[in-house]
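Inside the fold
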Number of protein chains: 2
Amino acid sequence: MHPLAERVLQGDVRAAARVMRLVDDRAAGYVQILKDLFPHTGKASVVGITGVPGAGKSTLVDRLIEHARKAGHKVGVVAVDPTSPFSGGSILGDRIRMQRHFLDDEVFIRSLATRGAMGGLSRSCGDVVRVLDAFGCDVVFVETVGVGQDELEVTRTAHTTLVVVPPGGGDEIQAAKAGILEIADVFVVNKADREGADAQVRHLESMIALGREIASGRAQQPTSHGHGHGHVSRSSVESLDVDQVRLGDASVPASDWTPPVLKTVAARNEGIDALVDAIDRHRAFLASPAGARRRRLQSHDQLLALFKDVLADAALSAVRARFDELEPAVARGEVDPYTACEHLLAEFRRR
Amino acid sequence: MHPLAERVLQGDVRAAARVMRLVDDRAAGYVQILKDLFPHTGKASVVGITGVPGAGKSTLVDRLIEHARKAGHKVGVVAVDPTSPFSGGSILGDRIRMQRHFLDDEVFIRSLATRGAMGGLSRSCGDVVRVLDAFGCDVVFVETVGVGQDELEVTRTAHTTLVVVPPGGGDEIQAAKAGILEIADVFVVNKADREGADAQVRHLESMIALGREIASGRAQQPTSHGHGHGHVSRSSVESLDVDQVRLGDASVPASDWTPPVLKTVAARNEGIDALVDAIDRHRAFLASPAGARRRRLQSHDQLLALFKDVLADAALSAVRARFDELEPAVARGEVDPYTACEHLLAEFRRR
């Protein structure tokens, strides 16, 4: 075993910080450390928190940390921040976030920056969560900024994903909300002392009910889903069907878990107990036979994402010279990009 | 040449719609059609519009379409929507968006859904833009919902990217704004009749000034950038350095284009002329020798993204059986995911 892995398992905080840095930089040897840690993971409860900007996610996470600390848990926090293009560092940063918990020895906060547009965030996030898990954290909160695809990927790391929305909101907020509906295990209408909170709850509940109706219709006609049919890599709807078939469970509707919709006022510490209860109930659901499908789907998607990332790294190392040769020709319009990619792929497979 | 490609080049709207559907579904033969169209692309001006939810992007796009139509341009619109997990269709949809232009024969609107979390959106978006370009659109607007990584990828397709923000906004909006600063060619403070518009303009201008300062410092010490050093695929900062070296241009600062910050009130059609002027100036900059580096960087990143996508498709088709064998073992914790990916990669390269 790598000496750093050993120290992480002994609860050495400096070693954990160092390993997380190695993971983040994908420095030489980090994969071996992760392999060493892997058998010691799976104990932490991982809770993802996402939602529209302005919903008060940070305050809510703050309250959840407080709650977990009172219960005597060792807490990890992964804060996914957009990177500043200027400083190269994250915008929110460890320093200005969650200051109240900064000096608590049993709360470990790690910022994870979203760098450039070339992806890999999901992989880094999953790896950092595994380190915190092996390090002995009982619960790990993964908080994101924003409502994009990125957040979908990151929260895939979580056992339970909270989607936080404020009361009210315009069309775009409604659309963003719908986009993340898919990943919500628990809905939280935060700032529930504001006007429109009950309307927001009703709106979410009716969307969930509609979703269950359509999903149960779909389960009866499993071939009727639209896009991505016959195409393994693109549609999580299809992955769902694939798993359903593989698990011999085609009659089970899309979910046996109906996301509850809870109201909180995080700033005043209201509704947090009920929220923690809902998180615990979801965790119990996952551990039950009915939750097996969801667990499998998640594990499937995680492995797929990691494989794509590993693949891209390997291919780019192998055919970089050819890429650098073809790229200017594509830029000049002499070679079309599809043909260029076919050449690159052929070369990678030949080598 | 594929008969559909021929009809697209003749301006046949049904053929264009059909090809865009094939592209979106990645149906058999679509790559050949794109290859046929490729030599006829590069004429359209592609304008990306992104920003924080609630900034009024849709209204702004509406005004830009109106402006382009008055100038006699044939207009394409790609609206990137989060998919409804229930209906499988996009939330906003062609039908309810841009209704005013729906009956205009020279405006072609195509929704592009973000499906699941497995990516590929950037590729589809680029391909759809190419079809609209070959079809004869003079300008193509690519509008996104949200502020995530996804949007960064999509706007990479654009020559000129507008980042739209409302006046004011809390910490999270500030952070989201910073995250997309990197991709802005033009900043638009929309709803500028509201309080805080001038403060927002000043804030953006000082961020841009700070960015230029740091960037010129960086150009003098090209090895001092932090993350991703020695790692080709992750950091666009590094790609920048790579290109800088390759283009023999190491003394040029990060950008010769300073993003202007403009105020608009799209709802009242105010500030649109000045915005269109700024877009035109940016396009002229790109065509100049000073804009060459930016064009090359974009072309580099586009090809890289396409290659990764093509690679993932090929690998998953090739090793699907082995993946399905390993995945349950990983789910049970018998094999760690890193080792599983190494096996899959080795098998793909052997075959």
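Residues numbered from 1 in each chain as written. Chains lettered and ligands numbered in written order. Predicted model: local features only at pLDDT ≥ 70, side-chain atom pairs only at ≥ 80, totals over all residues. Heavy atoms only, no water.

A short note on the pattern of salt bridges
Residues and elements named next belong to chain A. In plain terms, the rule: We count a salt bridge whenever a side-chain nitrogen from Lys or Arg sits within 4 Å of a carboxyl oxygen from Asp or Glu. Each helix is a run of H or I in the DSSP string that is no shorter than four residues. Each strand is a run of E no shorter than two, and both are numbered from the N terminus. Buried, partly exposed and exposed residues are distinguished by accessible area as a fraction of the type maximum, computed with a 1.4 Å probe on protein chains only: under 20%, between the cut-offs, and over 50%, respectively.
Taken as a whole and judged by the stated rule, the model has 32 salt bridges over all chains. Aspartate 198 is paired through a salt bridge with lysine 263; the nearest N and O atoms lie 2.6 Å apart. Of this pair, aspartate 198 sits in helix 9 (residues 197–220) while lysine 263 sits in strand 7 (residues 261–263), and the two are 65 residues apart along the sequence. Looking at aspartate 198, the relative accessible area reads 44%, which means it is partly exposed. On the basis of relative accessible area, lysine 263 is assigned to the partly exposed category, the value being 40%.

Notes on the packing of aromatic side chains
So the rule is basically this: Here a pair means two rings of Phe, Tyr or Trp (six-membered ring of Trp) with centres within 6.5 Å. Their orientation is stacked below 30 degrees between planes, edge-to-face above 60, and tilted elsewhere.
All told, the structure shown has 5 aromatic pairs over all chains when counted by the stated rule. On the basis of an interplanar angle of 50° and a centroid distance of 6.1 Å, the ring pair of phenylalanine 348 of chain A and phenylalanine 348 of chain B is categorised as tilted. Of this pair, phenylalanine 348 of chain A sits in helix 13 (residues 337–350) while phenylalanine 348 of chain B sits in helix 13 (residues 337–350), which puts the two residues in different chains. Residues phenylalanine 348 of chain A and phenylalanine 348 of chain B agree in their burial class; the two are buried.

With respect to the environment of valine 13 of chain A
Residues and elements named next belong to chain A. Inclusion rule: In what follows, residue pairs with any heavy atoms lying within 4.5 Å of each other are defined as contacts.
Looking at where valine 13 falls in the secondary structure, it is placed in helix 2 (residues 13–25). Note: C-alpha distance between valine 13 and leucine 132 (119 residues apart in sequence) is 9.9 Å. When residues no more than four places from it in sequence are discounted, the contact partners of valine 13 are Phe108 and Phe135.

A look at unusual backbone geometry
With a phi close to 65°, asparagine 269 of chain A is a non-glycine residue in the positive phi region. Note that asparagine 269 of chain A resides in the loop between strand 7 and helix 11 (272–287). The backbone phi angle of arginine 26 of chain B is positive, close to 50°, even though this residue is not glycine. On the secondary structure map, arginine 26 of chain B appears in the loop between helix 2 (13–25) and helix 3 (30–37).

Structural notes on helix 11 of chain A
Note on helix geometry: an α-helix contains 3.6 residues per turn, so any two residues three or four positions apart are oriented the same way. Residue and element names in this part refer to chain A. What counts, and what does not: A helix is expected to span 1.5 Å for every residue after the first.
In this model helix 11 runs 23 Å from its N-terminal to its C-terminal C-alpha over 16 residues, within 8% of the 22 Å that 1.5 Å per residue would give. Listed in full, the buried residues belonging to helix 11 are Ile272, Leu275, Val276, Ala278, Ile279, His282, Phe285 and Leu286. On its buried side, helix 11 packs onto strand 1 (45–51), helix 4 (57–70), strand 5 (160–165), strand 6 (186–189), strand 7 and helix 12 (292–331).

Section: helix 12 of chain A
Residues and elements named next belong to chain A. To keep things clear, this is the line we draw: Bend at a given residue is defined as the angle between two axes, one fitted to the seven residues that end at that position and one fitted to the seven that begin there.
Compared with the 58 Å implied by 1.5 Å per residue over 40 residues, the 48 Å span of helix 12 between its first and last C-alpha is markedly short. Residue valine 319 marks the point of greatest curvature in helix 12, where the axis turns by about 70°. With 29 of its 40 residues buried, helix 12 lies for the most part within the structure.

As for the side chain of aspartate 336 of chain B
Note the cut-off: Asp and Glu count as negative and Lys and Arg as positive, but His and the ends of the chain are not part of the count. Whenever a nitrogen or oxygen atom comes within 3.5 Å of another N or O atom, the pair is scored as a polar contact, on the condition that within protein one atom can donate a hydrogen and the other can accept it, and that pairs from neighbouring residues in sequence are kept only if both atoms are in side chains.
Summarising the element assignment, aspartate 336 of chain B is placed in the loop between helix 12 (292–331) and helix 13. Buried charge without a partner: aspartate 336 of chain B forms no salt bridge, and the closest opposite charge is lysine 35 of chain A, 5.6 Å away. A distance of 2.9 Å separates a polar atom in the side chain of aspartate 336 of chain B from the backbone nitrogen of tyrosine 338 of chain B. Side chain to side chain, aspartate 336 of chain B and threonine 339 of chain B meet in a polar contact 2.6 Å long. Discounting chain neighbours no more than four positions away, the residues touching aspartate 336 of chain B are Lys35 and Phe38 of chain A together with Val330 of chain B.

What to know about the pairing of strand 1 (residues 45–51) of chain B
Residues and elements named next belong to chain B. Under the convention used in this document: When DSSP finds two or more bridges between two strands, those strands count as paired.
Most of strand 1 is tucked away, with 7 of its 7 residues classed as buried. Where burial is concerned, the two faces of strand 1 agree: the one with Ser45, Val47, Ile49 and Gly51 and the one with Val46, Gly48 and Thr50 are both buried. As paired elements, strand 1 and strand 4 (residues 139–144) share 5 bridges and run parallel to each other. Each bridged residue has a counterpart across the sheet, and for glycine 48 the counterpart in strand 4 is valine 142. Across 5 bridges, the pairing between strand 1 and strand 5 (residues 160–165) is parallel. Counted as the bridge partner of glycine 51 is valine 164 from strand 5.

Thoughts on the packing of helix 11 (residues 272–287) of chain B against helix 12 of chain B
All names here are of chain B. To keep it simple, the criterion reads: Lines are fitted to the C-alpha atoms to define the axes, a helix being fitted only along its stretch in contact, and any angle between axes, read from their N-to-C directions, falls within 0 to 180 degrees. Should an angle fall under 35 degrees it is called roughly parallel, over 145 degrees roughly antiparallel, and 65 to 115 degrees roughly perpendicular, with every other angle called oblique. Classes in brief: Ala, Val, Leu, Ile, Met, Phe, Trp, Tyr, Cys and Pro nonpolar; Asp, Glu, Lys and Arg charged; the others, Gly included, polar.
With their axes 7 Å apart at the nearest point, helix 11 and helix 12 run at an angle of 90° to one another. Put simply, helix 11 runs roughly perpendicular to helix 12. Residue-level inspection shows His282, Leu286 and Ala287 of helix 11 in contact with helix 12, the latter providing Ala292, Arg294 and Arg295. Class assignment for the residues of the contact of helix 11 with helix 12 results in 3 nonpolar, 1 polar and 2 charged.

Description of the confidence of the model for chain A
Residues and elements named next belong to chain A. Applicable threshold: pLDDT: the predictor's confidence for each residue, scored from 0 to 100.
The predicted model of chain A averages 78 in pLDDT, with 71% of residues at 70 or higher. Taken together, the stretch residues 83–98 has pLDDT below 50 and engages in 55 contacts with residues farther than four places along the chain or on a different chain. Counting contacts from residues 219–254, a segment whose pLDDT is below 50, to residues more than four positions away or on other chains yields 62 contacts. Across the whole predicted complex the pTM is 0.74, and at the interface the ipTM reaches 0.78.

Considerations on the packing of helix 4 of chain A against helix 11 of chain A
The angle between the axes and the distance between the axes are what describe a pair of packed helices. All names here are of chain A. Between helix 4 and helix 11, the shortest axis-to-axis distance is 10 Å and the interhelical angle comes to 75°. Classed by the angle they form, the pair helix 4 and helix 11 counts as roughly perpendicular. Contact residues: Leu60, Arg63, Leu64 and His67 in helix 4; Ile272, Asp273, Leu275, Val276 and Ile279 in helix 11. The residue makeup of the contact of helix 4 with helix 11, split by class, is 6 nonpolar, 1 polar and 2 charged.

What to know about the environment of lysine 308 of chain B
All names here are of chain B. Structurally, lysine 308 is set in helix 12. For lysine 308, a relative accessible area of 17% gives the class buried. Separated by 185 residues in sequence, lysine 308 and arginine 123 place their C-alpha atoms 9.9 Å apart.

Concerning the state of the cysteines
Simply put, disulfide is the name for a covalent bond between the sulfur atoms of two cysteines. Quick note on the threshold: For this text, the term disulfide refers to a pair of cysteine sulfurs within 2.5 Å.
In total, this model carries 0 disulfides over all chains according to the counting rule given. Between cysteine 137 of chain A, a cysteine without a disulfide, and cysteine 125 of chain A, which holds the nearest cysteine sulfur, the sulfur-to-sulfur distance is 14 Å.

Re the environment of proline 259 of chain A
Residue and element names in this part refer to chain A. With respect to the secondary-structure elements, proline 259 resides in the loop between helix 10 (236–246) and strand 7. Given a relative accessible area of 16%, proline 259 falls into the buried group. Considering only alpha carbons, one finds proline 259 and glycine 54, 205 residues apart in sequence, at a separation of 22 Å. Sequence-distant contacts of proline 259, that is, excluding residues within four places in its chain, are made with Ala184, Asp185, Val186, Phe187 and Ile208.

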